[in-house]
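Now for the letters of each chain:
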Amino acid sequence: MSVAFAGNSTTSTSREAGPLRVMIVDDSVVIRGLISRWIGAEHDMEVAASLRTGLEAVNQLERINPDVAVLDIEMPELDGLSALPKLLAKKRDLVIIMASTLTRRNAEVSFKALSLGAADYIPKPESTREAAAADIFHHDLIQKIRHLGARLRRKPAVASPPLAPASPAPPARGPVARPAAPAPAPAVHAPSSGSLSTRPFSTQAPKVLLIGSSTGGPQALMSLVTELGPVIDRFPVLITQHMPPTFTTILAEHLARSSRRPAAEAVDGEPVKPGRIYLAPGGKHMRVARSGADVVIALDDGPAVNFCKPAVDPLFTSAIDVWRGAILSVILTGMGSDGMRGGKDIVAAGGSVIAQDEASSVVWGMPGAAANAGICAAILPLNQIGTKVNRLFAGDRS
């Protein structure tokens, strides 16, 4: 493989064959050792380098030429956030996965990293001595490396829209009334979204918008909600994003700024009203239920569904008991198949499903599973979904 480097504007060609080369950058020798052993046990990836600081990574990038970098946030000499743009300036197709412990500061830094070009993030356990936490970290990391690396080889990277700037939220319009482990994506790539058939949209007028997302979801959600003001003002919007605690708190704040509407982590028992966005809190499944004449949020701490908590399927299936077929659901980018079974139930009840297309998805696992199940009324690029949703809630049934 030939790689051309030319100052700060270099583009490198993607590796066509062989194992994914992974560069580990973390000042903890324990974490570096763990990740190195995990990667070494996989047939389709190898450790290209194990480095202690971001400065070492920047200085040695040309020599190492990795496909994927696992980049710690807090390091001496040059931290992860500072190293990120320097690495991408040298190799702009480098897949960078930010790694951090679950603190509010690190969650905010991880979101900033996404806006600067990081492909994804992964929360590190507070202690690797906790077997369950280490197992989740292991599972998550290997899946992210594998599927984000596979996307790099399959097609050119798609630029992610920036996250909302960290500024105070403007006045709201309208009435204000354990880390998740993504499911493994299928081993065989789904057919191109352009070759899949769709079904007619429901003839029922939707009364609620449900959205499910995972890998690449924060960027996609931020872009989508900027276009949904007319829907949010008149109908409730409920979102499940595969994300751990603290991270969902920050995501809700970004959604509020992007949509210029109230958005927050859902609270158990609170009424579901138009005019606001409800986000499933990390570590809890979000469902809806009837309580007299009201619709309320029902959170639970049950087992993971589709390896995820929160999961999309519990939200989708619970909504049928409340709104029957008057549901429009959207499945955005993400690994695994979460949302497909719930989407099937929504369609069987008379509702509709829209999936993000493959070209605009970071990982076409969740939307691809729905598309291949034949339950979608539309398979659209991210930049066309908002317009379609607005038209459907305005009365268009085509």
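So, here's what we can say about the structure.

Rules behind the numbers
- Residues numbered from 1 in each chain as written.
- Predicted model: local features only at pLDDT ≥ 70, side-chain atom pairs only at ≥ 80, totals over all residues.
- Heavy atoms only, no water.
- Phe/Tyr/Trp six-rings, centres within 6.5 Å; stacked < 30°, edge-to-face > 60°.
- Buried < 20%, exposed > 50% of the residue type's maximum accessible area, 1.4 Å probe, protein only.
- Lys NZ or Arg CZ within 6 Å of the ring centre and 35° of its normal.
- Helix = DSSP H or I, 4+ residues; strand = E, 2+ residues; numbered from the N terminus.
- Contact = heavy atoms within 4.5 Å.
- 1 Å grid on protein atoms, 1.4 Å probe; cavity = no way out; pocket = protein on both sides within 12 Å on 5 of 7 lines; lining within 4 Å.
- Points joined across faces, edges and corners; volume = space filled by probe spheres on them.

1. Some details on the packing of aromatic side chains
What describes a pair of aromatic rings is the distance from one ring centre to the other and the angle between the planes of the rings. For the coordinates displayed, the defined rule picks out 4 aromatic pairs. For the pair Phe 111 and Phe 247, a centre-to-centre distance of 6.4 Å together with 40 degrees between the ring planes defines the contact as tilted. Both residues of the pair, Phe 111 and Phe 247, count as buried. Seen in terms of ring centroids, Tyr 121 and Phe 247 are 4.9 Å apart; in terms of plane orientation they differ by 20 degrees. Their pairing is stacked. For Tyr 121, a relative accessible area of 5% puts it in the buried group. Among the aromatic side chains, those forming a connected cluster through ring pairs are Phe 111, Tyr 121 and Phe 247. Positioned above the aromatic ring of Tyr 121, the side-chain terminus of Lys 144 is 5.6 Å from the ring centre. The ring of Tyr 278 has Arg 276 lying over it, and the distance from NZ or CZ to the ring centre is 5.4 Å.

2. Topic: the environment of Glu 227
Summarising the element assignment, Glu 227 is placed in the loop between helix H6 (217-225) and helix H7 (229-234). Here Glu 227 falls in the partly exposed class, since its relative accessible area comes to 25%. Counting along the chain gives 157 residues from Glu 227 to Gln 384, while the straight-line C-alpha distance between them is 9.9 Å. Among all residues touching Glu 227, those that are not within four sequence positions of it are Asn 383, Gly 386, Thr 387 and Asn 390.

3. Regarding empty space enclosed by the protein
Of the volumes computed, that of the second largest cavity is approximately 70 Å³. Taken together, Phe 201, Ser 202, Gln 204, Pro 206, Gly 325, Ile 327, Leu 328, Ser 352, Leu 392, Asp 396 and Arg 397 make up the full set of residues lining the second largest cavity.

4. Section: the environment of Ala 370
Among the secondary structure elements, Ala 370 is positioned in helix H11 (residues 366-372). Along the backbone, Ala 370 and Ala 355 are 15 residues apart, and their C-alpha atoms lie at a distance of 7.0 Å. Apart from residues no more than four positions distant in its own chain, Ala 370 is found in contact with Ile 331, Met 340, Ile 375 and Cys 376.

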